[in-house]
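# Survey of secondary and tertiary structure
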Amino acid sequence: MRRALLALLVVAVAGAVVFYVLTIPRTVPASELPAHKPDLANGEYMFTAGGCAECHATPEKKCNDPKTQDKHVLSGGRCLKTPFGVFNVPNISPDKEAGIGNWSTLDFVNALKRGIAPGGEHLYPAFPYTSYQRMTYADLIDLKAYLDTLPASKNVPPPHELGFPFNIRRGLGLWQLLYVDGKDFVPDPKQSAELNRGAYLVMGPGHCAECHSSRYLWGGIIKSEEFAGARNPEGKGTVPNITPSDDGIGDWSLNDISYLLETGNTPDFDVIGESMAAVQENMAKLTAADRDAIAAFIKALPARPDAVPKSEQKKKDAKDEDAAPGGDTKTGGSKEPDDGSDY
Amino acid sequence: MQKLMMVACTLVGLAAYATVAISAEDLVAAVKERRHLMKEVVAPNAKLGGQMVKGTVAFDTTKAAAAMNEISGVPDKYVKLFPKGTEHGAVKDSEAKATIWDDFDKFKATAQKLKDASAKAAGAAAQGQGTFTAAFNDMTKVCKECHETFREKLEQ
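What counts, and where the lines are drawn
- Residues numbered from 1 in each chain as written.
- Chains lettered and ligands numbered in written order.
- Predicted model: local features only at pLDDT ≥ 70, side-chain atom pairs only at ≥ 80, totals over all residues.
- Heavy atoms only, no water.
- Helix = DSSP H or I, 4+ residues; strand = E, 2+ residues; numbered from the N terminus.
- Contact = heavy atoms within 4.5 Å.
- Areas by Shrake-Rupley, 256 points an atom, 1.4 Å probe, with all protein chains shown as cover.
- Core = buried A, V, L, I, M, F, W, Y, C linked by side-chain atoms within 4.5 Å.
- Buried < 20%, exposed > 50% of the residue type's maximum accessible area, 1.4 Å probe, protein only.
- Domains from an automatic or database assignment.
- Buried area = accessible area lost by both parts, 1.4 Å probe.
- Salt bridge = Lys/Arg side-chain N within 4 Å of Asp/Glu carboxyl O.
- Polar contact = N/O pair within 3.5 Å; in protein donor to acceptor, adjacent residues only side chain to side chain.
- Pairing = 2+ DSSP bridges.
- Expected span 1.5 Å × (residues − 1).
- Arc of directions from axis to C-beta.

From N to C terminus, chain B includes seven helices and zero strands. Along its sequence from the N terminus, chain B presents helices and strands in the succession α-α-α-α-α-α-α. A separation threshold of at least 6 residues defines the contact pool for chain B, and within that pool the share at least 24 residues apart is 73%. Per element, the accessible surface of chain B, about 8600 Å² overall, is 60% carbon and sulfur.

On to the nonpolar core. Counting 51 residues, the largest nonpolar core has A:Phe47, A:Leu74, A:Leu143, A:Val202, A:Phe227, A:Ile294 and A:Ile298 as the members making the most contacts within it. When contributions to this core are tallied by element, the ones reaching two or more residues are helix H2 (40–50), helix H3 (52–56), helix H4 (105–114), helix H5 (129–132), helix H6 (137–148), helix H8 (193–203), helix H10 (254–263) and helix H12 (288–299) of chain A. When residues of this core are assigned to domains, at least three fall in each of domain 1 (25–179) and domain 2 (193–311) of chain A. With residues near it in sequence (within four places) discarded, A:Val202 still touches A:His207, A:Cys208, A:Phe227, A:Ile294, A:Phe297 and A:Ile298. Ranked by size, the runner-up nonpolar core spans 36 residues in total, among them B:Met68, B:Leu81, B:Ala117 and B:Ala125.

All right, on to the domain arrangement of chain A then. All names here are of chain A. As assigned here, chain A comprises domain 1 (25–179) and domain 2 (193–311). Averaged C-alpha coordinates put domain 1 and domain 2 at centres separated by 22 Å. Contact with domain 1, which involves 23 residues of that partner, is made by 23 residues of domain 2. Of the roughly 1900 Å² buried between domain 1 and domain 2 on both sides combined, carbon and sulfur atoms contribute 58%. When the buried surface of domain 1 facing domain 2 is broken down by residue, Tyr 45, Thr 48 and Ala 49 rank first, second and third, together holding 27% of it. Here domain 1 and domain 2 share zero salt bridges between them. Scanning the region where domain 1 abuts domain 2 turns up eleven residue pairs in polar contact (both at pLDDT 80 or more). Elements with a minimum of two residues in the side of domain 1 that touches domain 2: H2, strand S1 (79–82), H5 and helix H7 (172–179). For the side of domain 1 that touches domain 2, the leading source of residues is H2, giving five residues.

In this section: the sheet that holds strand S2 (residues 85–88) of chain A. Taking strand neighbours across the sheet as the criterion, the three strands line up as S1-S2-S5 (chain A) in an open arrangement whose pairing is antiparallel. Across the chains shown, the open sheet's two edge strands, defined by having one partner strand only, are S1 and strand S5 (161–162) of chain A.

This next bit is on helix H3 (residues 61–72) of chain B. In an α-helix there are 3.6 residues to a turn, and that puts residues three or four apart on one side. All names here are of chain B. With twelve residues, H3 extends 16 Å from end C-alpha to end C-alpha; this agrees with the ideal 16 Å at 1.5 Å per step. Along H3, the residues classified as buried are Ala 64, Ala 65, Ala 67, Met 68, Ile 71 and Ser 72. Mapping the buried residues of H3 onto a view down its axis gives an arc of 160 degrees, with all of them on the same face. Seen from the open side of H3, the exposed residues pointing more than 90 degrees away from its buried face are Thr 62 and Lys 63. Structurally, H3 contributes buried residues whose contacts are with helix H2 (24–54), helix H4 (74–78), helix H6 (104–124) and helix H7 (129–150). The residue sitting at the N-terminus of H3 and contributing the capping side-chain oxygen is Asp 60; that oxygen lies 2.9 Å from the backbone nitrogen of Thr 62.

This paragraph deals with the pairing of S2(A). Residues and elements named next belong to chain A. Here four bridges tie S1 to S2, and the two strands are oriented antiparallel to one another. Among the inter-strand pairings, Lys 81 is bridged to a residue of S2, identified as Val 86. The loop that links S1 with its antiparallel partner S2 comprises two residues. Sheet topology note: the S2/S5 ladder contains two bridges and is antiparallel.

All names here are of chain B. By secondary structure assignment, the location of Ser 94 is in the loop between H4 and helix H5 (99–102). There is a polar contact of 3.1 Å between the side chain of Ser 94 and the side chain of Arg 34. Among the polar contacts listed, one links the side chain of Ser 94 to the backbone nitrogen of Ala 96, at a separation of 3.3 Å. When sequence neighbours within four positions are dropped, the list of residues in contact with Ser 94 reads Val 31, Arg 34, Thr 86, Glu 87, His 88 and Leu 154.

Scanning the model with the defined rule gives 23 salt bridges over all chains in all. The shortest N-O distance in the salt bridge between B:Lys47 and A:Asp268 comes to 2.9 Å. With B:Lys47 in helix H2 and A:Asp268 in the loop between H10 and helix H11 (274–285), this residue pair bridges two chains. Classification of B:Lys47 by relative accessible area gives partly exposed; the value is 28%. The closest approach of N and O atoms between A:Asp270 and B:Arg151, which form a salt bridge, is 2.9 Å. Here A:Asp270 is found in the loop between H10 and H11, whereas its partner B:Arg151 is found in the segment after H7 on a different chain. When its relative accessible area of 15% is taken as the criterion, B:Arg151 is described as buried. Connected through salt bridges with shared partners, the residues A:Asp270, B:Arg35, B:Glu95, B:Arg151 and B:Lys153 form a single ionic network.

The structure is reproduced here in structure tokens:
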């Protein structure tokens with residue numbers, strides 16, 4: 001009995017040591033940073049391409065309002081309601097206490113390329129460093145310099161509201177082992193400069209795959225289903241498949257994609273909405289050449305069927321609605337009898 | 001005189017009845033007509049305009065103007081199709097946000113913007129593709145503004 005207990009203790013200690021080692025924050029050393037004179041104009045461009053304000057600026061009214069207040073005041077406070085719990089987006093304005101005004105350029109690079117905050121704190125990948133890690137040092141240095149020019153805010157958003165085991169930040173080290181290597185995007189020499197630029201913008205700053213791809217239960221993107229659509233991470237419905245398949249946008253021309261990014265209009269003249277509306281407004285501020293490059297890359301993606309059959313998602317939404325306590329009281333008695341038909 | 005009074009009373013009563021009792025069928029019909037105007041009138045004409053802007057369909061002054069005029073004819077009819085009780089969730093297929101009724105004047109003003117912008121685009125067609133493109137793109141900004149503010153998109 002005693003021996004068994006001892007063996008158990010040894011296993012537990014060994015496990016703890018392995019966990020400790022595997023989750024040690026892996027950071028970029030200062031020696032890796034190139035000497036680069038920050039280009040504020042490019043920093044602002046990366047700020048737009050990266051959609052920083054869409055998460056970090058204060059939401060207009062409710063904490064999950066798709067619209068934001070002043071896009072230059074990154075005071076945080078947006079709430080992201082996900083299956084893992086509620087993430088309350090932090091203040092990244094240059095305030096020294098409430099924001100990231102005390103961060104060095106190296107600190108900033110480590111957050112974006114490694115998901116590690118100063119002091120070795122692991123960041124949750126709701127902050128899409130899984131994409132930002134592909135950005136070049138030069139672009140990140142420019143972006144940091146630009147963020148430093150924005151107004152400081154004293155706002156202190158509430159902490160995240162996550163259940164066990166997601167509330168243990170250290171555990172993210174294991175996740176980062178799988179999905180974070182901090183390597184720059186590598187251009188494919190066989191492809192055109194335009195396609196490579198598009199790939200960089202989509203896979204790096206644009207972080208398009210983060211919403212348009214399905215994920216495993218533990219939150220990693222399923223590579224074989226990349227860009228083939230996903231459940232809406234923040235609620236009902238789906239995020240569309242943007243691969244050139246029948247389920248996706250196979251019948252869109254390059255021009256159709258560029259035009260959507262510029263104006264928000266689909267080829268059938270529906271207007272895109274929800275969170276993509278804000279993304280599109282950013283894309284509209286990029287150069288026409290960059291929008292065309294993005295279109296070229298999207299058009300060249302492997303064609304894939306929908307990762308989430310739309311019919312299946314509808315059923316799930318209906319079930320969730322039934323299970324919700326109290327149901328929908330807003331519409332009350334005037335609600336039409338729901339025959340469960342297709343809508 | 002008595003007869004006149006009776007007729008007047010009946011009329012008043014009927015009017016009151018009409019305003020109070022909008023049947024469930026009427027609400028469903030209003031939503032259906034709204035969707036018809038957007039999907040069968042506005043969208044196809046905007047699509048044609050868009051194709052001329054993108055250059056996938058040859059620019060044609062008359063056709064471009066006609067398409068924009070079709071759109072311009074919609075807003076006045078459209079805003080009359082929003083009786084209370086037709087918001088998203090209350091009637092099947094409704095995409096109307098409840099905020100429409102919080103500030104119905106703002107909703108009407110936005111619809112008026114579409115009427116004006118599409119009429120302007122119709123006029124611009126005579127001045128060539130460049131002028132038309134600018135006016136057309138201004139019009140689609142109104143589409144976006146209104147949808148963002150007042151539309152709750154159905155789950156797909």
